[in-house]
Amino acid sequence: MAEDTQVSGIDLGDAALAARTTRGMQQVEDLMYSSLDNGHAMPTLTASYLAQAGGKRFRPLMVLLAAQVAIAENSPASVTEEFTANVIRSGAVIEMIHLASLYHDDVMDEAPQRRGTDSANNRWGNSVAILAGDYLFAAASAIMSDMGTQAVRWISETFAELVNGQMEETVHAGSMESAEAYLRVIHGKTASLIATAGHFGAHYAGASEEQVAALQKAAHATGMAFQIVDDVIDIASESTQSGKTPGTDLREGVFTLPVLYALDEEGPVGDRLREILTGPVTDENLVEEALTLLRGSAGMRQARETVYAYRGEAKDALSIFQDSPAKEAFFRLVDFTVARVG
């Protein structure tokens, strides 16, 4: 793939679009860091820690691609112009909320690693990690104050979905009843924020209500696939590939989609998993046994099929838009998300 069509390691297929997106991503990055730097060294250091650790910046990329799909549809002459200030603000706000949630997640999970490096809680302790997340929320709120009350309402509704999904997962750890319950959880804790990225990008690029709804739906389906893929990777990959310790969910008693599907299997694999997975698994030998069983299970195959179904849903939602480099780039982002599942 040509380097001049890549953004965040993803081939968007068009050099001009990639250049514009790269400029937009840098504007998002600059706004994030300038918002976190208010003269207080420790909050700035800790709140910037995970941002500096890397990541694909998937959510701001979703904002910028949704905006460009809308622009290509409605104002083709504007395709070469800069993004509006509120599109850039949207990317920064959504990424900062995402980063804040990671700090809090790592405290809840007692995770030692994040993005291939020490987690903030492992480096500074739980209290500092929680406060760093809070600081990110505060900085994101300050940016939103320039976007109007409508943006604040949309983000508050999204944040409520995010917290509800995380809370439901926590309360039902070790006792998730069904795949349907799992999908409800990941809608809240992951897909709702990615859907809002699509919504904000489209809205602030001047899309119609129908177009905003379509891009939000496409982003939501991509977000659902994104989380299921992450859950498959938690089982299937080595820590050197994922940057996290494999089996983290099993240790916490969180039953993800491949686990739930595998627990429904008939035969020795399902039988043994039902013996092991009665709640959080603290014995490392049992964690390894469960991972080995899961990796060869029909549940893993079924989870991958669900990912492919969400890929189809995302692409179908974009059928109302004419073909354009931006629409093709969105498709490529969807395909990139799914390709990680192997």
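What you see is a predicted model, and the numbers here were worked out from it, not measured in a lab. The residue count restarts for each chain, going from 1 along the sequence in the order it is written. Residue-level local features of this predicted model are given only where pLDDT is at least 70; pairs of side-chain atoms are given and counted only at 80 or more, and the full residue set underlies all totals for whole chains, interfaces and linings. Here the side-chain values reflect all heavy atoms present in the structure, with hydrogen atoms and water set aside.

Here we take up the layout of surface pockets. Of the voids in this model, the second largest pocket is the one considered here, and its volume is about 190 Å³. Contributing to the lining of the second largest pocket are 14 residues, with Asp14, Leu17, Val79, Thr80 and Pro325 lying nearest its centre. A run of DSSP states H or I qualifies as a helix once it reaches four residues; a run of E qualifies as a strand once it reaches two. Both are numbered from the N-terminal end. Elements that contribute at least two residues to the lining of the second largest pocket include exactly α1 (15–36), α3 (58–74) and α16 (325–339). A breakdown of the residues in the lining of the second largest pocket according to their chemical character gives six nonpolar, four polar and four charged. Space inside and on the surface of the protein is sampled on a 1 Å grid over the protein atoms alone, with a cavity defined as a set of points where a 1.4 Å probe fits but cannot get out and a pocket as an open set with protein on both sides within 12 Å along at least 5 of 7 lines; lining residues have an atom within 4 Å of a point. Grid points are joined across faces, edges and corners, and a volume is the space filled by probe spheres set on the points. The nonpolar class holds Ala, Val, Leu, Ile, Met, Phe, Trp, Tyr, Cys and Pro. Asp, Glu, Lys and Arg form the charged class, and all remaining residues, Gly among them, are polar.

Turning our eyes to something else, we now look at unusual backbone geometry. One non-glycine residue, serine 8, adopts positive backbone phi at about 55°. Structurally, serine 8 is set in the loop between β1 (6–7) and β2 (10–11).

For valine 269, the location among the structural elements is in helix α13 (residues 268–276). Overall, the relative accessible area of 23% leaves valine 269 in the partly exposed class. For the pair formed by valine 269 and threonine 117, sequence separation is 152 residues and the distance between their alpha carbons is 34 Å. Leaving out residues up to four positions away in the same chain, valine 269 has contacts with Leu293 and Ser297. Note on exposure labels: buried denotes an accessible area under 20% of the residue type's maximum, exposed denotes more than 50%, and partly exposed covers the range between, all computed with a 1.4 Å probe on protein chains only. Residues are treated as being in contact if the distance between any of their heavy atoms lies within 4.5 Å.

It is worth spelling out the packing of aromatic side chains at this point. Stacked, edge-to-face and tilted are the three classes for Phe, Tyr and Trp ring pairs, Trp counted by its six-membered ring, which pair at centre distances within 6.5 Å; planes under 30 degrees apart are stacked, over 60 edge-to-face, the rest tilted. Tallied over the full model, the rule gives four aromatic pairs. On the numbers, 4.6 Å between centres and 45° between planes, the contact of phenylalanine 58 with phenylalanine 226 is tilted. Here phenylalanine 58, found in helix α3, pairs with phenylalanine 226, found in helix α9 (residues 209–236); they are 168 residues apart in sequence, far enough to count as distant. The interplanar angle of 65° and the centroid separation of 4.9 Å between the aromatic rings of phenylalanine 137 and phenylalanine 159 together place this pair among those described as edge-to-face. Of this pair, phenylalanine 137 sits in helix α6 (residues 126–144) while phenylalanine 159 is found in helix α7 (residues 149–171), placing the two residues 22 residues apart along the sequence. Classification of phenylalanine 137 as buried rests on a relative accessible area of 18%. The exposure class assigned to phenylalanine 159 is partly exposed, which follows from its relative accessible area of 31%. Look at NZ for Lys and CZ for Arg. If either is within 6 Å of the ring centre and within 35 degrees of the ring normal, a charge sits over the ring. The side chain of lysine 315 reaches across the aromatic face of phenylalanine 331, ending 5.3 Å from its centre.

With that out of the way, let us pick up the environment of aspartate 230. By the element assignment, aspartate 230 lies in helix α9. Linking aspartate 230 and threonine 292, residues 62 residues apart in sequence, is a C-alpha distance of 17 Å. Polar contacts involving the side chain of aspartate 230 include one to the side chain of arginine 340, which spans 3.0 Å. Each polar contact in these results corresponds to two N or O atoms within 3.5 Å; when the atoms are within protein, one needs to be able to donate a hydrogen and the other to accept it, and residues that are neighboring in sequence are counted only if both atoms are side-chain atoms.

On their own, these measurements won't tell you what the molecule is for.
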